[in-house]
Amino acid sequence: DQPLVFGYYVNCDPASLVSLRFNLSRLTHLIPEWMTLQNGKGDLSDEADPTVVKIAHDANLPILVQVNNFRDGWQAADLHTALNSAAARANLIDNIYSNIVEHKFAGVSIDFEQLSKRDRPKLVTFMEELRAKLKPAGFLIAQSVPSDDTVAYDLKALAALDDYIIPMVYDRSEERRVGKECRSR
């Protein structure tokens, strides 16, 4: 069995494209940071890069588009509002599905951070509803989760719903300059 190798891509760092081209043959999946929760209604931004989509498609590299809640900082309040409204969850799921279909992605990678412990069951509900929409169409679901927060994140329940769980085990004590520039945009 070939190990899974997820490559992350960001539009804001020119080195990201260079790294993608250099490491293309080593990757099994590409996770570009292209969709951001815009509000508590479930609206998404779409910053897909057609050049990167073509590179990945030409290499038969599956794209799992990342959906996160980082917009000038982690937007925990918008995430809370979206997760706690059935209409907002449905809108968010429809937006994810539409973008996957439009760009011919292989699926999605959810990266919702700074989840409140009160939203733990609602994140599971969201992932159940997302799975119900995406799996019949054959799309993959990955999810980044903090490896040290079992209070807000029900890791066992999420693992049962996701195709891939990606533990976040990085050290944030000293961020690279480029990382800070990307996150400030």
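1. What to know about the overall build of the chain
Here's step 1: Scanning the chain from terminus to terminus reveals seven helices and seven strands.
Here's step 2: When the elements of the chain are put in sequence order from the N terminus, they spell out β-α-β-β-α-β-α-α-β-α-β-α-β-α.
Here's step 3: Taking 2.2 N^0.38 as the reference for a compact globule, 185 residues should give roughly 16 Å; the C-alpha atoms of the chain span a radius of gyration of 16 Å, in line with that estimate.
Here's step 4: Each of the three principal axes of the chain carries a C-alpha extent, and together these read 40 × 40 × 35 Å.
Here's step 5: Split into buried and exposed, the 185 residues of the chain put 43% on the buried side.
Here's step 6: The contacts in the chain between residues at least 6 apart in sequence include a share of 70% that link residues at least 24 apart.

2. Examining the packing of aromatic side chains
Both the distance between ring centres and the angle between the ring planes are used here to describe each pair of aromatic rings.
Here's step 1: Applying the stated criterion across every chain, the model contains six aromatic pairs.
Here's step 2: With centroids separated by 5.9 Å and ring planes inclined at 35°, the aromatic side chains of W34 and F105 adopt a geometry described as tilted. In this pair, W34 sits in strand 2 (residues 29–37) while F105 sits in the loop between helix 4 (86–103) and strand 5 (107–111), placing the two residues 71 residues apart along the sequence. In this structure, W34 and F105 share a single accessibility class: buried.
Here's step 3: When the ring of Y97 is compared with that of F139, the centres are 5.9 Å apart and the planes differ by 80°; the resulting orientation is edge-to-face. In this pair, Y97 is assigned in helix 4 and F139 in the loop between helix 5 (120–134) and strand 6 (140–146), connecting sequence segments 42 residues apart.
Here's step 4: Classification of F139 as buried rests on a relative accessible area of 13%.

3. Some words on the nonpolar core
Here's step 1: Counting residues in hydrophobic clusters, the biggest one holds 42 residues, and the most contacted among them are I96, V108, I110, L123, F126, M127 and L130.
Here's step 2: With six residues, helix 5 is the largest single contributor of residues to this core.
Here's step 3: Setting aside chain neighbours within four positions, we find L123 in contact with L83, F112, L115, Q143, Y153 and L158.

4. Brief notes about the pairing of strand 6
Here's step 1: Counting buried positions over the seven residues of strand 6 gives six, a clear majority of the element.
Here's step 2: Two strands pair when backbone bridges link them, and strand 5 and strand 6 are joined in this way by four bridges, in the parallel orientation. Paired with I110 across the strands is Q143, a residue of strand 6.
Here's step 3: The handedness of the strand 6 to strand 7 (residues 164–168) crossover, carried by helix 6 (residues 155–161), is right-handed.

Quick notes on the rules
- Numbering of residues begins from 1 in every chain and follows the order in which that chain's sequence is written.
- The model is predicted, so local features are restricted to residues of pLDDT at least 70 and side-chain atom pairs to those at 80 or more, both for listing and for counting; the totals for chains, interfaces and linings are taken over all residues.
- Side-chain figures throughout are based on the complete set of non-hydrogen atoms in the structure, without hydrogens or water.
- Working definition: helices are DSSP H or I runs of at least four residues, strands are E runs of at least two. Numbering for both runs from the N terminus.
- To get the radius of gyration, use the C-alpha atoms; to get the globule rule, take the number of residues to the power 0.38 and multiply by 2.2 Å.
- Any residue under 20% of the maximum accessible area for its type is buried, any over 50% is exposed, and the rest in between are partly exposed; the area is computed with a 1.4 Å probe on protein chains only.
- Contacts are assigned to residue pairs that have any heavy atoms within 4.5 Å of one another.
- Aromatic pairs are defined between Phe, Tyr and Trp rings, using the six-membered ring for Trp, whenever the two ring centres lie within 6.5 Å; interplanar angles under 30 degrees are classed as stacked, those over 60 as edge-to-face, and all others as tilted.
- Residues belong to one nonpolar core when they are buried, are Ala, Val, Leu, Ile, Met, Phe, Trp, Tyr or Cys, and are joined through side-chain atoms within 4.5 Å.
- Paired strands, in this sense, are two strands between which DSSP finds at least two bridges.
- For crossovers, right-handed means that the path from the first strand over the helix to the second runs clockwise, given strands pointing away from the viewer.

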